[in-house]
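Observations on chain architecture
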Amino acid sequence: MIGFFIALLSGALMSVQGVFNTQVTKSSSIWVANAFVQFTALLVCLAVWVCSDRSSLTAVMKVEPKYMLLGGCIGAVITYTVIKSMDMLGPARAVMLIVVAQLLVAYVIELLGWFGVEKQPLEIRKLLGMVLAVAGIVIFKWK
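Here's a quick rundown of the structure. For clarity, every value in this text was computed on a predicted model and none was experimentally measured.

**Details of the overall build of the chain**
Summing up its helical and strand segments, the chain has five helices and zero strands in all. For the chain, the succession of helices and strands along the chain, N to C, is α-α-α-α-α. Projected onto its principal axes, the C-alpha positions of the chain cover 45 × 45 × 30 Å. Within the chain, contacts between residues separated by at least 24 positions form 53% of all contacts whose residues are at least 6 apart in sequence. As displayed, the chain has an accessible area near 10,700 Å², and 76% of this comes from carbon and sulfur atoms. Distance between charge centroids for the chain: 10 Å, based on 11 positive and 6 negative side chains.

**Regarding the layout of surface pockets**
Estimated volume of the largest pocket: approximately 510 Å³. The wall of the largest pocket is formed by 20 residues, among which Met-14, Gln-17, Ile-78, Val-82 and Gln-102 lie closest to the centre. Of all the secondary structure elements, the ones that give two or more residues to the lining of the largest pocket are α1 (2–25), α2 (30–53), α3 (71–89) and α4 (91–112). Counted by class, the lining of the largest pocket contains ten nonpolar, ten polar and no charged residues. Taken together, Gln-38, Ala-41, Leu-42, Cys-45, Leu-46, Trp-49, Asp-53, Ser-55, Ser-56, Leu-57, Val-60 and Gly-72 form the lining of the second largest pocket. Class assignment for the residues of the lining of the second largest pocket results in seven nonpolar, four polar and one charged.

**Considering the pattern of salt bridges**
With the rule as written, the count across this model stands at three salt bridges. With a closest N to O distance of 3.6 Å, Glu-64 and Lys-66 form a salt bridge. Residues participating in the shared-partner salt-bridge network are Glu-123, Arg-125 and Lys-126.

**Thoughts on α3**
Over its 19 residues, α3 extends 26 Å from the first C-alpha to the last, a length consistent with the 27 Å expected when each residue adds 1.5 Å. Turning to α3, its buried residues number three or more, namely Gly-75, Thr-79, Val-82, Ile-83, Ser-85 and Met-86. In this fold, the buried residues of α3 make contact with α1, α2 and α4. Backbone geometry just downstream of α3 places Gly-90 in the positive-phi region, at approximately 90°.

Reading the values: the criteria
Counting restarts for each chain: residues are numbered from 1 in the order of the written sequence. In view of the model being predicted, local features appear only for residues whose pLDDT reaches at least 70, and side-chain atom pairs are presented and counted only at 80 or more, with totals across whole chains, interfaces and linings using the full set of residues. With hydrogens and water stripped out, all remaining heavy atoms of the structure feed into the side-chain values. What counts as a helix is a DSSP run of H or I of at least four residues, what counts as a strand is a run of E of at least two, and both are numbered from the N terminus. Residue contacts are defined here by distance: any two heavy atoms, one from each residue, within 4.5 Å place the two residues in contact. In short, Shrake-Rupley with a 1.4 Å probe defines the accessible areas, and a residue's cover is counted only from the protein chains shown. Positive charge is attributed to Lys and Arg, negative charge to Asp and Glu, and no charge count is given to His or to the chain ends. Charge positions are represented by NZ for Lys, CZ for Arg, CG for Asp and CD for Glu. Of the grid points, spaced at 1 Å and generated over the protein atoms alone, those admitting a 1.4 Å probe that cannot get out make up cavities, while open sets with protein on both sides within 12 Å along at least five of seven lines make up pockets; any residue with an atom within 4 Å of a point is treated as lining. Grid points are joined across faces, edges and corners, and a volume is the space filled by probe spheres set on the points. Lys, Arg, Asp and Glu make up the charged group, whereas Ala, Val, Leu, Ile, Met, Phe, Trp, Tyr, Cys and Pro make up the nonpolar group; the residues left over, Gly among them, are polar. Salt-bridge detection follows one rule: a side-chain nitrogen of Lys or Arg within 4 Å of a carboxyl oxygen of Asp or Glu. In this analysis, the expected span of each helix is defined as 1.5 Å times one less than the number of residues it contains. To sort residues, take the accessible area from a 1.4 Å probe on protein chains only and compare it with the maximum for the residue type: under 20% means buried, over 50% means exposed, and anything in between is partly exposed.

See the structure below:
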């Protein structure tokens, strides 16, 4: 049950962060804002690591396959695309499309067993959920 609440908190914080980051770009540029976001995230992570974890920083280099280390690079692209989509579509539309895209890609990853994820069978109820989510976007956008 705690995972459910953590996921809800994550989604809420992503929406707030996207709005904050979009506002920051109005005073600077998208790449300056992105760099600031990534840098402050680094500082927070290092502070929490110093206060709680203290595991070896070099342990991440043991990760296999090595392409799994691209998460930070993907994070920079995510920050850029969230800022641009919120600026162009507004927070509600952008987040709705982002969440549906996340859900769709996550389900494909599960279905195909990509990136070391345990392969899952195709389920009609999950496909219907996807269709319902896409229908929600159409209804939300409908004037």
